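Chain by chain, the residues run as shown.
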Amino acid sequence: SSDLTYNIWKVKSDVVLNSTWFDTVKSTLSPLTFDDYVSVFHVKPTASGSYAHYDTIDNPDGSLKLVNFGLNFVVNSNSSKMVFFDKSDDTSNVDMPPSYFNVAHTDLTEIERVEIPSGNLMLVNIGKYHDIVDVTEDRWAISLRATNDMTWDQVTTALASWIV
């Protein structure tokens, strides 16, 4: 048990995901490519939601690479929202886990708020500043991080027939 409001684990994908399912996702959603690791998140209901972040993956040389999109699957919570923000000048500082660049909500402009349903695979724009808010119960999620350098617009165009 942890005292942190956010817990994040980087786990090899074949430990968490059925390999046949993951292979199907990768072939079906081609040209998207995904990291061999998934991020598993636990957010407590006490999470304050005062910092937004954008997501990264580890490059082979240990540096961080910005991730423009991913596939998220919320396992057990119907009570949260993903809030997206804009920032005119990108002066991010690293003050949380190393794969998250955090900026206070007060330094950002909210641009969208989306209900995150449980049990659905959801394409998310994790290259924009975002945060999870309105968490009223323990929230567990799995995130498959894309390795492509495609922009959000390119991804949504490529997957237009799959987006509802």
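Overview of the structure. This is a predicted model, so every value here is computed, not measured.

**Remarks on the layout of surface pockets**
Its volume calculated, the largest pocket comes out at about 630 Å³. Lining the largest pocket we find 24 residues, and of these Leu 121, Met 122, Leu 123, Val 124 and Ile 163 sit closest to its centre. Mapped by element, the contributors of at least two residues to the lining of the largest pocket are helix 2 (19-28), strand 6 (81-86), strand 8 (109-115), strand 9 (121-124) and helix 3 (152-158). At 4 residues, strand 9 tops the list of elements feeding residues into the lining of the largest pocket. Here the lining of the largest pocket is built from residues that sort into 18 nonpolar, 4 polar and 2 charged.

**A look at the pattern of salt bridges**
It is possible for side chains of opposite charge to pair when their charged atoms get near one another. Inspection of the entire model under this criterion finds 7 salt bridges. The closest approach of N and O atoms between Asp 58 and Lys 10, which form a salt bridge, is 2.6 Å. Of this pair, Asp 58 sits in strand 3 (residues 51-58) while Lys 10 sits in strand 1 (residues 6-12), and the two are 48 residues apart along the sequence. For Asp 58, a relative accessible area of 38% gives the class partly exposed. Its relative accessible area of 47% is what places Lys 10 among the partly exposed residues. Here Glu 110 makes a salt bridge to Arg 113, at a shortest N to O gap of 2.9 Å. Residue Arg 113 is classed as partly exposed on the basis of its relative accessible area, which comes to 42%.

**Side note on the nonpolar core**
Of all hydrophobic cores here, the largest spans 18 residues; its most connected members are Phe 34, Val 38, Phe 69, Leu 71 and Leu 144. Ignoring sequence-local partners within four residues, the contact set of Val 38 consists of Trp 9, Lys 10, Val 11, Ser 13, Val 16, Leu 17, Ile 142, Ser 143 and Leu 144. Listed in part, the 13 residues of the second largest apolar core include Val 67, Phe 84, Ile 132 and Val 135.

Criteria and thresholds
- Residues numbered from 1 in each chain as written.
- Predicted model: local features only at pLDDT ≥ 70, side-chain atom pairs only at ≥ 80, totals over all residues.
- Heavy atoms only, no water.
- 1 Å grid on protein atoms, 1.4 Å probe; cavity = no way out; pocket = protein on both sides within 12 Å on 5 of 7 lines; lining within 4 Å.
- Points joined across faces, edges and corners; volume = space filled by probe spheres on them.
- Helix = DSSP H or I, 4+ residues; strand = E, 2+ residues; numbered from the N terminus.
- Nonpolar A, V, L, I, M, F, W, Y, C, P; charged D, E, K, R; others polar.
- Salt bridge = Lys/Arg side-chain N within 4 Å of Asp/Glu carboxyl O.
- Buried < 20%, exposed > 50% of the residue type's maximum accessible area, 1.4 Å probe, protein only.
- Core = buried A, V, L, I, M, F, W, Y, C linked by side-chain atoms within 4.5 Å.
- Contact = heavy atoms within 4.5 Å.

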